[in-house]
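Okay, here's what each chain looks like letter by letter:
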Amino acid sequence: MRQYVIVGNGVAGITAAQTIVRADPSSEVHVFGAESYPYYRRPRLWEFIAGEVEQDALYFRPPKWYAERGIHLHLGGRATALNPADHHLTLADGSHVEYDRLLLATGGRPFVPPFEGTDKAGVFTLRTLDDALAMKTYPPLSSPPMGGTEGGAAVIGGGLLGLETARALRTAGLGVTVIEFAPYLLPRQLDAEGAQVLQSLLEAMGLHILTAAATEAILGDGRAQGVRLRDGRVVDGKLVLISTGIRSRVELAREAGLEVNRGVIVDEQLRTSGADVYAAGDAAEFEGRVYGIIPAATEQAQVAAANMVADGSATYSGTIPANTLKVVGVDLTCLGEATATGDEFVILRKVDAAAGVYRRLTLRGGKIVGAILLGDTQSVRPVKQLIATGRDVSAYGEQLLDESFDLRALAQGQVT
């Protein structure tokens, strides 16, 4: 009987475990998670903070679900050392676990920039359920002044997580200011025109947005009282969320002597430089890229698991980037090379600011390679399909952005 060990019980780890037990029912699969909770949906933590869902709704499955499928789930089982040569893993309690194949699905940790005051009470990052619980029980969130700004919140970082959490804090009753260093929101997913439409929608919801704003320090005597910007402005905030991206958790791999850069370096079969050790998800770096998105974590986990069971049975060639922001009244999907610019690209845009709709298609060689779809959910699936199939759409030009044009039929090859 082959023994598989997975370090990390996030989306990559649990996807891999499911894939392994289906492919090799006689195997023994052990999943070690440093947290005390079974796999939960991190993208829904902001809904939990807003009071829109209860904690139990975050969990993917109860613990017994894993046992029924032959997955041995070890919660609070933090790994401290890996020895690829001897094929064993050391846990925080000093025990050793032997394995035949091992997957590193250690995920990422929040990146905290080196400005002053990050150690004050009331300063949070949001990556884990414990982070969300700590925020919910901290004044002023535990007793917010509905509709006011006193005792409000400052969110440093206008990325996907920052905006989702800012909306959650606003829903919970706080006045919220979002501080973004870049010239506009979501610089990795949006262009300037699309960001302006999004910002208008968010401001209409009661969020205060500051762009091109650099944080200098978090103010307060032991407890956060606000944020000072480099230009001297001070933003109120008795609760401060730092949402400035993540960094791969590579410490275990590095100390084991595996090849590491920004993430644990893997090949097209998700193998690391260590024999019988694989990596997937936010911890993995493939062809110089750490994706940091759920679709990539899922696809990588499936490929890694397949190869752990049968070496060489699956190949990973990358994931089409896809991000979705969902807050009340806002649907935003960014696909592929969404913000690409240059002479090789043809950019098609359509803006309806009054309706909160922005569409942008990026074409290269007559094929759609990227898209921004704000306030337009019906086009997401056909555009994603057109990107994946590489169909030549150059004959349709601006028609592609017309609401009357049947993108679905085009994606299915029913338009000539």
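Rules used throughout
Residues numbered from 1 in each chain as written. Predicted model: local features only at pLDDT ≥ 70, side-chain atom pairs only at ≥ 80, totals over all residues. Heavy atoms only, no water. Helix = DSSP H or I, 4+ residues; strand = E, 2+ residues; numbered from the N terminus. Rg over C-alpha atoms; globule rule 2.2 N^0.38 Å. Buried < 20%, exposed > 50% of the residue type's maximum accessible area, 1.4 Å probe, protein only. Contact = heavy atoms within 4.5 Å. Areas by Shrake-Rupley, 256 points an atom, 1.4 Å probe, with all protein chains shown as cover. Lys, Arg positive; Asp, Glu negative; His and termini not counted. Charge placed at Lys NZ, Arg CZ, Asp CG, Glu CD. Phe/Tyr/Trp six-rings, centres within 6.5 Å; stacked < 30°, edge-to-face > 60°. Lys NZ or Arg CZ within 6 Å of the ring centre and 35° of its normal. Salt bridge = Lys/Arg side-chain N within 4 Å of Asp/Glu carboxyl O. Expected span 1.5 Å × (residues − 1). Axes fitted to C-alpha atoms, helices over the stretch in contact; angles between N-to-C directions. Left-handed = near helix turned anticlockwise from the far one by under 90°. Nonpolar A, V, L, I, M, F, W, Y, C, P; charged D, E, K, R; others polar. Polar contact = N/O pair within 3.5 Å; in protein donor to acceptor, adjacent residues only side chain to side chain. Pairing = 2+ DSSP bridges. Core = buried A, V, L, I, M, F, W, Y, C linked by side-chain atoms within 4.5 Å.

S.K.: A description of the overall build of the protein chain should follow, citing residues and the corresponding values.
M.R.: When helices and strands are tallied, the protein chain shows ten helices and 25 strands. Relative to its length of 416 residues, the protein chain is compact, with a C-alpha radius of gyration of 23 Å against a globular reference of 22 Å. Its C-alpha atoms give the protein chain principal-axis dimensions of about 65 × 60 × 35 Å. Residues counted as buried form 53% of the 416 residues belonging to the protein chain. Pairs at least 24 residues apart make up 61% of the contacts formed inside the protein chain by residues separated by at least 6 positions. Accessible surface computed for the protein chain: about 18200 Å², of which carbon and sulfur atoms make up 47%. Charge separation in the protein chain, taken as the distance between the mean sites of 39 positive and 48 negative side-chain charges, equals 3 Å.

S.K.: Give a detailed account of the packing of aromatic side chains, specifying residues and quantitative values.
M.R.: Scanning all chains against the criterion turns up eight aromatic pairs. Aromatic pair Tyr37 and Tyr40: ring centres 6.3 Å apart, planes at 85 degrees, arrangement edge-to-face. Taking the relative accessible area as the measure of exposure, Tyr37 reaches 14% and is therefore buried. Ring geometry for Trp65 versus Tyr66: centroids 5.1 Å apart, planes at 90 degrees, classification edge-to-face. Both residues of the pair, Trp65 and Tyr66, count as buried. Each member of the aromatic cluster is reached from another via a ring pair, and the members are Tyr39, Phe60, Trp65 and Tyr66. Its end group placed over the ring of Phe60, Arg61 keeps NZ or CZ at 4.6 Å from the ring centre. Seen from the ring of Phe48, Lys136 lies directly overhead, with NZ or CZ sitting 4.8 Å from the centre.

S.K.: Lay out the pattern of salt bridges with the relevant residues and their values.
M.R.: With the rule as written, the count across this model stands at 18 salt bridges. Between Arg233 and Asp231 there is a salt bridge whose closest N-O contact spans 2.8 Å. For Lys350, the salt bridge identified is with Asp402, shortest N-O distance 3.6 Å. Residue Lys350 is found in strand 23 (residues 345–352), and its partner Asp402 is found in the loop between helix 9 (380–389) and helix 10 (407–411); the two are separated by 52 residues along the sequence. With relative accessibility at 35%, the residue Lys350 sits in the partly exposed group.

S.K.: So, helix 1 (residues 11–23): which residues are in play, and what are the values?
M.R.: An ideal rise of 1.5 Å per residue puts 18 Å on 13 residues; helix 1 measures up with 18 Å between its terminal C-alpha atoms. By the criterion of burial, helix 1 is predominantly enclosed, with ten of the 13 residues buried. Along helix 1, the residues classified as buried are Ala12, Gly13, Ile14, Thr15, Ala16, Ala17, Gln18, Thr19, Ile20 and Val21. Looking at the buried positions of helix 1, the neighbouring elements they touch are strand 1 (3–7), strand 2 (28–33), helix 3 (63–68), strand 3 (71–75), strand 7 (101–104) and helix 8 (294–309).

S.K.: Explain the packing of helix 1 against helix 8 to me, and be specific about the residues and the numbers.
M.R.: When two helices pack together, their arrangement is captured by the angle between the axes and the distance separating the axes. Viewed as axis vectors pointing N to C, helix 1 and helix 8 meet at an angle of 35 degrees, and their least axial separation amounts to 8 Å. Here helix 1 and helix 8 pass one another in a crossing that is right-handed. Residue-level inspection shows Val11, Ala12, Thr15, Ala16, Thr19, Ile20 and Ala23 of helix 1 in contact with helix 8, the latter providing Ile294, Ala297, Thr298, Ala301, Gln302, Ala305, Ala306, Met308 and Val309. Here the residues of the contact of helix 1 with helix 8 sort into twelve nonpolar, four polar and no charged.

S.K.: Describe the side chain of Asp282, naming the residues involved and giving the relevant values.
M.R.: You can see Asp282 is positioned in the loop between strand 19 (277–279) and strand 20 (284–286). Residue classification places Asp282 among the buried residues on the basis of a relative accessible area of 13%. Side chain to side chain, Asp282 and Arg127 meet in a polar contact 2.8 Å long. With near-sequence residues (within four places) excluded, Asp282 lies in contact with Gly107, Gly108, Arg127, Ile246, Ser248, Val290, Gly292 and Ile293.

S.K.: So what's going on with the sheet that holds strand 12 (residues 208–210)? Residues and values would help.
M.R.: Spatially, the five strands line up as an open sheet ordered 9-16-10-11-12, and their pairing is parallel. Edge strands, defined here as strands with exactly one partner in the open sheet, are strand 9 (123–124) and strand 12.

S.K.: Which residues make up the sheet that holds strand 13 (residues 215–219), and what values do they have?
M.R.: The strand order across the open sheet formed by three strands is 13-14-15, and the pairing between neighbours is antiparallel. The open sheet terminates on both sides in strands that have one partner only, identified here as strand 13 and strand 15 (234–236). Strand after strand, the sheet turns through a mean of 25 degrees between neighbouring axes, direction not considered. Sheet topology places strand 13 next to strand 14 (residues 226–229); four bridges connect them, and they run antiparallel. Note that in strand 14 the partner of Leu219 across the bridge is Gly226.

S.K.: Explain the nonpolar core to me, using residue names and the numbers behind them.
M.R.: Membership of the largest hydrophobic core comes to 52 residues, with the highest contact counts inside it found for Ile6, Leu82, Leu89, Leu102, Leu103 and Leu104. Ranked by residues supplied to this core, first place goes to helix 8 with seven residues. Every residue in contact with Ile6, bar those within four places of it in the chain, is listed here: Gly13, Ala16, Ala17, Ile20, Val29, His30, Val31, Phe32, Leu103 and Ala105. Counting residues in each nonpolar core, the second largest holds 48 residues, with Leu163, Ala166, Val176 and Leu239 among its members.

What is shown is where atoms sit, not what they do.
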